[in-house]
Amino acid sequence: MKTLTRIVALCAALIVTPSAQAASAVAKACAADIKAQCADVKPGGGKLKDCVKAHYSDLSADCQVAIIRAAAVGKACKADVKQFCADVKPGKGAIADCMKEHATDLSDDCKEAMAKAEAGKK
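None of the values given here were measured: they were computed from a predicted structure.

Cut-offs used in this document
Residues numbered from 1 in each chain as written. Predicted model: local features only at pLDDT ≥ 70, side-chain atom pairs only at ≥ 80, totals over all residues. Heavy atoms only, no water. Helix = DSSP H or I, 4+ residues; strand = E, 2+ residues; numbered from the N terminus. Contact = heavy atoms within 4.5 Å. Areas by Shrake-Rupley, 256 points an atom, 1.4 Å probe, with all protein chains shown as cover. Disulfide = S-S within 2.5 Å. Buried < 20%, exposed > 50% of the residue type's maximum accessible area, 1.4 Å probe, protein only. Core = buried A, V, L, I, M, F, W, Y, C linked by side-chain atoms within 4.5 Å. Bend = angle between axes of the 7 residues up to and from the residue. Salt bridge = Lys/Arg side-chain N within 4 Å of Asp/Glu carboxyl O. Axes fitted to C-alpha atoms, helices over the stretch in contact; angles between N-to-C directions. Parallel < 35°, antiparallel > 145°, perpendicular 65-115°, else oblique. Nonpolar A, V, L, I, M, F, W, Y, C, P; charged D, E, K, R; others polar.

Participant: Can you lay out the overall build of the chain for me, pointing to particular residues and giving the numbers?
Facilitator: In terms of regular secondary structure, the chain is built from 6 helices and 0 strands. In the chain, the succession of α and β elements from N to C terminus is α-α-α-α-α-α. Sequence separation of 24 or more characterises 62% of the internal contacts of the chain that already satisfy a separation of 6 or more. Looking at the chain as shown, the accessible area adds up to about 7400 Å², and 56% of this sits on carbon and sulfur atoms.

Here's what the structure looks like:
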């Protein structure tokens, strides 16, 4: 359970992503890496994020790719999240749900980034 908590904290710390799939991909791809590299780091205060950054080159290729994809989605969709979901509190897929409700209104850049991230998982 501690590892799951750390992964969730990592996902939240790395990005605020409108894509639950992107966050889930990071959690899945990075679970073993976080356990191996940052097992002694407690979530909160950005320490886990700092640990992952410090050990980025030690992470598996799958984990690195998942982080990059999730960050790309977060960056491409940042304005959309701010525009459509500013009043939504992050957690438990709330932002992803909000973005799904506004799927037809999202910017082309956001839609493209989410499509690329999803296609890359397959």
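Participant: So what's going on with the state of the cysteines? Residues and values would help.
Facilitator: Under the counting rule described, the total for this entry stands at 4 disulfides. C30 shares a disulfide with C63; S-S distance 2.0 Å. Handedness of the C30-C63 disulfide follows from its S-S torsion of about 105°: it is right-handed. Here C30, found in helix α2 (residues 20-38), pairs with C63, found in helix α4 (residues 61-85); they are 33 residues apart in sequence, far enough to count as distant. C63 sits in the buried class, given a relative accessible area of 1%.

Participant: Requested: an account of the nonpolar core, with residues and values cited.
Facilitator: Residues V26, C30, I34, C38, V52 and I67 are the most contacted members of the largest nonpolar core, which totals 13 residues. Elements represented by at least two residues in this core include exactly α2, α3 (47-54) and α4. In this structure, V81, L106, A113 and A117 belong to the second largest nonpolar core, which totals 12 residues.

Participant: Just give me the short version of α4, but keep the residues and values in it.
Facilitator: Bending of α4 peaks at approximately 55° at the position of C77. Within α4, the full set of buried residues consists of C63, Q64, A66, I67, A70, V73, G74, C77, D80, V81, F84 and C85.

Participant: Could you give an account of the pattern of salt bridges, with specific residues and numbers?
Facilitator: On inspection of all chains with the given rule, the structure shows 1 salt bridge. In this structure, the salt-bridge partner of E112 is K116, at a minimum N-O distance of 3.2 Å. Remark: K116 and E112 occur in helix α6 (residues 108-121); sequence separation between them is 4 residues, near one turn of the helix. Residue classification places E112 among the partly exposed positions, given a relative accessible area of 42%. By relative accessible area, which is 55% here, K116 ends up exposed.

Participant: Break down the packing of α4 against helix α5 (residues 94-101) for me, with residues and values.
Facilitator: Two packed helices can be described by the angle between their axes and the distance between those axes. Two elements in contact, α4 and α5, have axes whose closest approach is 10 Å; the angle formed by their N-to-C orientations is 85°. On the basis of their axis angle, the class for α4 and α5 is roughly perpendicular. For the pair α4 and α5, contact is made by C77, D80, V81, F84 and C85 and by I95, C98 and M99, respectively. Here the contact of α4 with α5 is composed, by residue class, of 7 nonpolar, no polar and 1 charged.

Participant: Describe in detail the environment of A54, supporting the description with residues and values.
Facilitator: Inspection of the secondary structure puts A54 in helix α3. For the pair A54 and Q37, spaced 17 residues apart in the sequence, the C-alpha separation amounts to 9.4 Å.

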